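Spelled out from the first residue to the last, the chains are:
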Amino acid sequence: MFQPKNTFFFRGLGYIFTPKLKERLRSLVLLTAGGSLSFYGIGLWSNDARFYRSLVMPAVQRLDPETAHRAAVLAGKYGLVPRDRTPDSGVLRTSLWGLQFSNPIGLAAGFDKHGETCDAMLGVGFGFVEVGSVTPQPQPGNPRPRVFRLPEDDAVINRYGFNSEGHAAVAERLRARRTAGGLVGVNLGKNKLSTDAAADYVAGVAAFADLASYFVVNVSSPNTPGLRELQKGEDLERLLDRVLDARDALTAPPRPPVLLKIAPDLSAEQRRHVARCALARRERLGGLIISNTTISRSGLKSEHAAETGGLSGRPLAALATDAIADMYRLTDGSVPIVGVGGVFSGRDAYAKLRAGARLVQLYTALTVRGPPVVSDIKRELADLLTADGFASVEEAVGADHRAAGGVARSNPLAAAAS
């Protein structure tokens, strides 16, 4: 009784799946897929901020933070990030430690922990990149979850705990890309169970002596037990001397500079001690990186605000800039400073230069806004420098102190070190 309808139904199926129509459907699928890939490719190629803001970053934010971090590193490793094809403005060029920077904006340590994506990040537009922190022996770091987004605060809390593939693996990668050029610093850390912290940092100098554009002695992460104690008292003096002696013994002039990375949470007396140590070694010490993440939690709104670990992002901006200004005063402007913390715009970077930084680094803004943030920051910074009559980055360094009457030449710390 249903035979006519069944016949009609099966004849319909036969029509739908004729070779000609199947070919049309195949072409439609390929056209749709090709169009989608082309749209994505054009967005990547053009480094379009709107493309990232409306499509890429919302998709990334749906991943858990550590997975998103890993995906971003792999995207760089396999060439799936945009390149900044616009030459840097001449006003952004600067030099320090005998190194030439096409612009003063660098990628802070913590993003490329294992040296996997240096060239991609240089291509994104950074003037220099910093890998690490790298520990002598591989270690897994702290248990997951250990990274938390604070979207209402434009911030991140992490307690990675120096997860590292170790000196050997990272050195092999850096050696393989050496001919690519570009300025790549290595941030050194200690293994969690190490009983001789200085030996771990000395081992890092040995492992990367012919590979690093500069070294960073990281004694300020809040996620390795006891690490921040190395910023205090004679421990800091002994540590710096051992690392500087190793650098001098293992490298030939021009030697890679050694920088000390400090926390923003140091007391006034602890800052004075760091300044005294830096001033006493200013002929050998490259400078200070200010600052690492903070353990403070003031005025946060996001769900994960109470998580333990280091806080980075916008809430760190004023704290870091104040620390830069303080250390610039304490060292009479004679110790180079790299400013880090809460840099989301050219104006943020400019504030750190005017406070006393010679170079500026960022990380969290990259995870919030994507690669186009780098070119946006450079463009705005160049405009601000030009508008205020500065012909170079160097001219803007410490401008706020000059406007306020200059750094006090009677600074007792600088006088004692002279």
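Preceding this section is the structure that the text describes.
As the structure is a prediction and not an experimental result, all values here were calculated from the model.

Our focus in this paragraph is the nonpolar core. If you look at the biggest cluster of nonpolar residues, it comprises 85 residues, and the most contacted ones within it are M121, Y201 and F208. It is helix α13 (residues 372-387) that contributes the most residues to this core, seven residues altogether. Apart from residues lying up to four places away in sequence, M121 is in contact with V81, L107, F111, F126, V129 and L366. With 13 residues, the next largest nonpolar core counts L96, F128, L259 and L359 among its residues.

Moving on to unusual backbone geometry. A cis amide bond, omega 10 degrees, links G132 with the succeeding residue S133. Tracing the chain through its elements places S133 in strand β4 (residues 128-134). For the bond from R144 to P145, the omega torsion is -5 degrees, close enough to zero to count as cis. Relative to the helices and strands, P145 resides in the loop between β4 and β5 (147-150). For D154, which is not glycine, the phi torsion reads 50 degrees and is therefore positive. If you trace the backbone, D154 turns up in the loop between β5 and β6 (155-158).

Turning our attention to the packing of aromatic side chains. Applying the stated criterion across every chain yields a total of five aromatic pairs. Relative to Y214, the ring of W97 lies with its centre 6.2 Å away and its plane at 40 degrees, an arrangement referred to as tilted. Residue W97 is found in the loop between β1 (94-96) and β2 (99-101), and its partner Y214 is found in strand β8 (residues 214-218); the two are separated by 117 residues along the sequence. Measuring from ring centre to ring centre gives 5.9 Å for F111 and Y363, while their planes differ by 75 degrees; the resulting arrangement is edge-to-face. Residue F111 is located in the loop between β3 (105-107) and α5 (118-124), and its partner Y363 is located in the loop between β13 (359-362) and α12 (364-369); the two are separated by 252 residues in the primary sequence. On the basis of relative accessible area, F111 is assigned to the buried category, the value being 5%. Through a chain of ring-to-ring contacts, the aromatic side chains of W97, F101, F128 and Y214 assemble into a single cluster. The ring of F344 carries the charged tip of R314 above its face, separated from the ring centre by 4.3 Å.

Moving on, we get to the pairing of β6. Residues A155 and I157 of β6 are buried on one face, and the alternating residues V156 and N158, pointing to the opposite face, are buried as well. Bridge count between β5 and β6: four bridges; the pairing is antiparallel. Bridged to F148 within β6 is I157. Connecting β5 to the antiparallel partner β6 that follows it, the hairpin turn spans four residues, and D154 within it adopts a positive phi of roughly 50 degrees. Two elements, β6 and strand β11 (residues 310-313), share four bridges in a ladder whose sense is antiparallel. Bridge pairing links N158 to G310 in β11.

Looking now at the side chain of D153. Considering the arrangement of structural elements, one finds D153 in the loop between β5 and β6. Although buried, D153 forms no salt bridge, and the nearest oppositely charged side chain, K301, lies 5.8 Å from it. At 3.0 Å, the side chain of D153 and the backbone nitrogen of K301 are in polar contact. Look past the residues within four positions of D153 in its chain and what remains in contact with it is G299, L300, K301, S302, R314 and P315.

A word on the packing of helix α10 (residues 317-330) against helix α11 (residues 346-355). As a packed pair, α10 and α11 sit with axes 8 Å apart at the nearest point and diverge in direction by 20 degrees. By the angle between their axes, α10 is roughly parallel relative to α11. In this structure, α10 crosses over α11, and the sense of that crossing is right-handed. Judged by residue contacts, A317, A320, T321, I324, A325 and Y328 of α10 engage A351, K352 and A355 from α11.

This part covers the pairing of strand β10 (residues 287-290). Bridge count for strand β9 (residues 258-262) against β10 is four bridges, and the pairing is parallel. Residue pairing across strands places L259 opposite G287, the latter belonging to β10. Crossover connection from β9 via helix α9 (residues 268-280) to parallel β10: handedness right-handed. Across three bridges, β10 lies against strand β12 (residues 337-340) in parallel orientation.

For the rest of this paragraph, the subject is the pattern of salt bridges. Counting across every chain of the model gives 28 salt bridges. Linking D235 and R238 is a salt bridge whose minimum nitrogen-to-oxygen distance equals 2.8 Å. Of this pair, D235 and R238 both sit in helix α8 (residues 233-250), three residues apart, which is roughly one turn of the helix. With relative accessibility at 46%, the residue R238 sits in the partly exposed group. In this structure, the salt-bridge partner of D248 is R255, at a minimum N-O distance of 4.0 Å.

The rules behind the values
Residues numbered from 1 in each chain as written. Predicted model: local features only at pLDDT ≥ 70, side-chain atom pairs only at ≥ 80, totals over all residues. Heavy atoms only, no water. Core = buried A, V, L, I, M, F, W, Y, C linked by side-chain atoms within 4.5 Å. Buried < 20%, exposed > 50% of the residue type's maximum accessible area, 1.4 Å probe, protein only. Helix = DSSP H or I, 4+ residues; strand = E, 2+ residues; numbered from the N terminus. Contact = heavy atoms within 4.5 Å. Phe/Tyr/Trp six-rings, centres within 6.5 Å; stacked < 30°, edge-to-face > 60°. Lys NZ or Arg CZ within 6 Å of the ring centre and 35° of its normal. Pairing = 2+ DSSP bridges. Lys, Arg positive; Asp, Glu negative; His and termini not counted. Salt bridge = Lys/Arg side-chain N within 4 Å of Asp/Glu carboxyl O. Polar contact = N/O pair within 3.5 Å; in protein donor to acceptor, adjacent residues only side chain to side chain. Axes fitted to C-alpha atoms, helices over the stretch in contact; angles between N-to-C directions. Parallel < 35°, antiparallel > 145°, perpendicular 65-115°, else oblique. Left-handed = near helix turned anticlockwise from the far one by under 90°. Right-handed = clockwise from strand over helix to strand, strands pointing away.

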